[in-house]
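Examination of the molecular architecture
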Amino acid sequence: MSPSHLLWSKRSLTAQAMGHVDPITKAVVPPIHVATTYIRDEDNAYSSGFVYGRPDNATVREAEAVLAMLEEADAGALLFSSGMAAATAVFQALEPGDHVVASKVMYWALRNWLATEAARWGLVIDFAETDDLDALRKAVIPGRTKLVWAETPSNPLWTITDIEAAAEIAHAAGARLAVDSTTASPVHTRPLALGADIVMHAATKVLNGHSDVVAGVLAGAKADEFWNRIVSIRKMQGAILGPFEAYLLMRGMRTLHLRAAAQARSAMVLAERLSEHPKVARVLYPGLPQHPGHDVAARQMEGGFGYMLSIQLTGGEAAAIRAAARVGLWKRATSLGGVESLIEHRASIEGPGTPCPPDLLRLSTGIEDVNDLFTDLDEALRAA
């Protein structure tokens, strides 16, 4: 790679997987390194830099380099076998008795884990409306709170937390700020540049974008003691992503900027049209001026407001369930961020205790024609 690569945009570097060319074959697509063990030198050292497959892999390193570049992460990036593995590693790096403040509206599986397993390990978890800065200030306990976990936009209500302000609140109390930026992606938001200490992505979603990889990633602002504990946790627990999955993830990321931009444009069109729909009581999308977090989102999100939106139906829960069953182009399935558009009655999935309204449908906008997507939804909504 020539010195001029330092001037290339993130979009160009991502499209070419950092411009890597295989030194042996001169292939423009990096090979998949599947070896689990490596030859020692005569003096028992490992001059190659690789020892064993559980803590390290060359293909994984290449994908991590792309992610670290996208997030401007001085500590680098760590790939995990799932988003949950990545997220829980952050909490496992804390000490028993540490106090954590987490977003009240967040990915349901992680919320359940925090309320059950994390509590069993001795962590003290308080959930707060992190999009409300006054509520966040009241929840944080100076000297005792060690971590603030904010998901923004938050799933499935798409509330917006002011990352820069949340970082100031956390740091003033002696805590770190970790941000789940899965639905924003590095294309639209860079939490580390706004003051966060750690950013997490469920790479299964838009980073991969093809619904064929389960993965998670953490990127760190600095390689301090806390970050090194996370590195050790991944190594000891064997939570690293497999090389084939890392290869697929890197393949997916080559088109990240194109996909994320197209999906955000379509989501904005759908949000505007659905706001006028007679069967829709409310549209939740940070790109709409009437969204409570719109001003903050407009300040910290670049080039669009993401691909996720939710709608609440005038006919209530029954109408929402019926509408989800009547779509054709939209697929009724769990997950988000893929090239195919997905629809889900989220309250049915999350069950008792969910903050998700029963009349809500969660929409993940793909790359299909936006007019087709709207027509399909329109017909389903009217039929319901």
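Residues numbered from 1 in each chain as written. Predicted model: local features only at pLDDT ≥ 70, side-chain atom pairs only at ≥ 80, totals over all residues. Heavy atoms only, no water.

1. Things to note about a nonpolar patch on the surface
To keep it simple, the criterion reads: Only residues whose relative accessible area exceeds 30% and that form no salt bridge are eligible for patches; like-charged ones are grouped when within 9 Å, while nonpolar side chains (Val, Leu, Ile, Met, Phe, Trp, Tyr) are grouped when within 5 Å. Note on areas: Shrake-Rupley, 1.4 Å probe, and residue coverage restricted to the protein chains presented here. Think of a salt bridge as a Lys or Arg side-chain nitrogen and an Asp or Glu carboxyl oxygen that are within 4 Å of each other. Working definition: helices are DSSP H or I runs of at least four residues, strands are E runs of at least two. Numbering for both runs from the N terminus.
Where nonpolar side chains cluster on the molecular surface, the patch consists of I32, V34 and F244 and spans about 270 Å² of accessible area. Mapped onto the elements, F244 comes out in helix α9 (residues 243-253).

2. Considering unusual backbone geometry
Backbone torsion omega between T152 and P153 reads -10 degrees, so that peptide bond is classified as cis. Following the sequence through the fold, P153 ends up in the loop between β4 (145-151) and α6 (163-172). Here the amide bond leading from N155 into P156 is cis, since omega sits at 10 degrees, within 30 degrees of zero. Of note, P156 is situated in the loop between β4 and α6. In this structure, A17 takes a positive phi of about 50 degrees despite not being glycine.

3. Regarding the pairing of strand β7 (residues 216-220)
For clarity, the threshold we go by: Residue exposure (1.4 Å probe, protein chains only): buried if accessible area is under 20% of the type maximum, exposed if over 50%, otherwise partly exposed. Two strands pair if DSSP finds at least two bridges between them.
Most of β7 sits out of view: five of its five residues are buried. Here β7 shows two buried faces, one formed by G216, L218 and G220 and the other by V217 and A219. When strand β1 (residues 76-80) meets β7, the two strands line up antiparallel, connected through five bridges. Following the sheet pairing, A77 is matched in β7 by A219. For strand β6 (residues 198-201) and β7, the ladder comprises four bridges, and the chain directions are antiparallel. Of the residues in β7, the one forming a bridge with H201 is V217.

4. As for the pairing of strand β9 (residues 308-313)
Along β9, six of the six residues are buried, which leaves the element largely enclosed by surrounding structure. The pairing of strand β8 (residues 280-284) with β9 spans four bridges and is classified as antiparallel. Following the sheet pairing, V283 is matched in β9 by I311. In this sheet, strand β12 (residues 360-364) lies alongside β9 in antiparallel orientation, the contact comprising five bridges. Bridging from a neighbouring strand, I311 pairs with L361 of β12.

5. Concerning the sheet that holds strand β5 (residues 176-180)
The strands that make up a sheet are held in pairs by hydrogen bonds between backbone atoms, and each pair lies either parallel or antiparallel. Test applied: Angles here are taken between N-to-C directions and fall from 0 to 180 degrees, while the axes themselves are lines fitted to C-alpha atoms, restricted in helices to the stretch in contact. Note on definitions: a residue-residue contact is assigned when non-hydrogen atoms from the two residues lie within 4.5 Å.
If you walk across this open sheet you meet the seven strands as β1-β7-β6-β5-β4-β2-β3, and the pairing is mixed. Of all strands in the sheet, those bounded by a partner on one side alone are β1 and β3 (124-128). With strand direction ignored, the average angle separating the axes of adjacent strands in the sheet is 20 degrees. In the sheet, β5 pairs with β6 via three bridges, with the strands oriented parallel. Looking at the pairing, D180 lines up with M200 of β6. In the packing of helix α8 (residues 225-237) onto the sheet, the strands contacted are β1, β5, β6 and β7, and the crossing angle to β1 comes to about 30 degrees.

6. Section: the packing of aromatic side chains
The following threshold applies: When two rings of Phe, Tyr or Trp (its six-membered ring) have centres within 6.5 Å they constitute a pair, described as stacked for plane angles under 30 degrees, edge-to-face for angles over 60, and tilted for the intermediate range. Any Lys NZ or Arg CZ found within 6 Å of a ring centre and within 35 degrees of that ring's normal is scored as a charge over the ring.
If you walk through the whole model with that rule in mind, you get five aromatic pairs. Relative to W149, the ring of F91 lies with its centre 5.0 Å away and its plane at 40 degrees, an arrangement referred to as tilted. A residue pair is termed long-range when its members are at least 10 positions apart, and F91 in helix α3 (residues 83-92) and W149 in strand β4 qualify at 58 residues. As far as burial versus exposure is concerned, F91 and W149 are alike and both buried. Both rings, one in W113 and one in W121, keep their centres 5.6 Å apart while their planes meet at 90 degrees; by these two values the pair is edge-to-face. An aromatic cluster of at least three residues, connected via ring pairs, comprises F91, W113, W121 and W149. R234 extends its terminal NZ or CZ atom over the ring of F80, reaching a point 5.9 Å from the ring centre. Sitting above the plane of the F374 ring, R273 keeps its charged end 5.5 Å from the centroid.

Treat this as a map of the structure, not an account of what it does.
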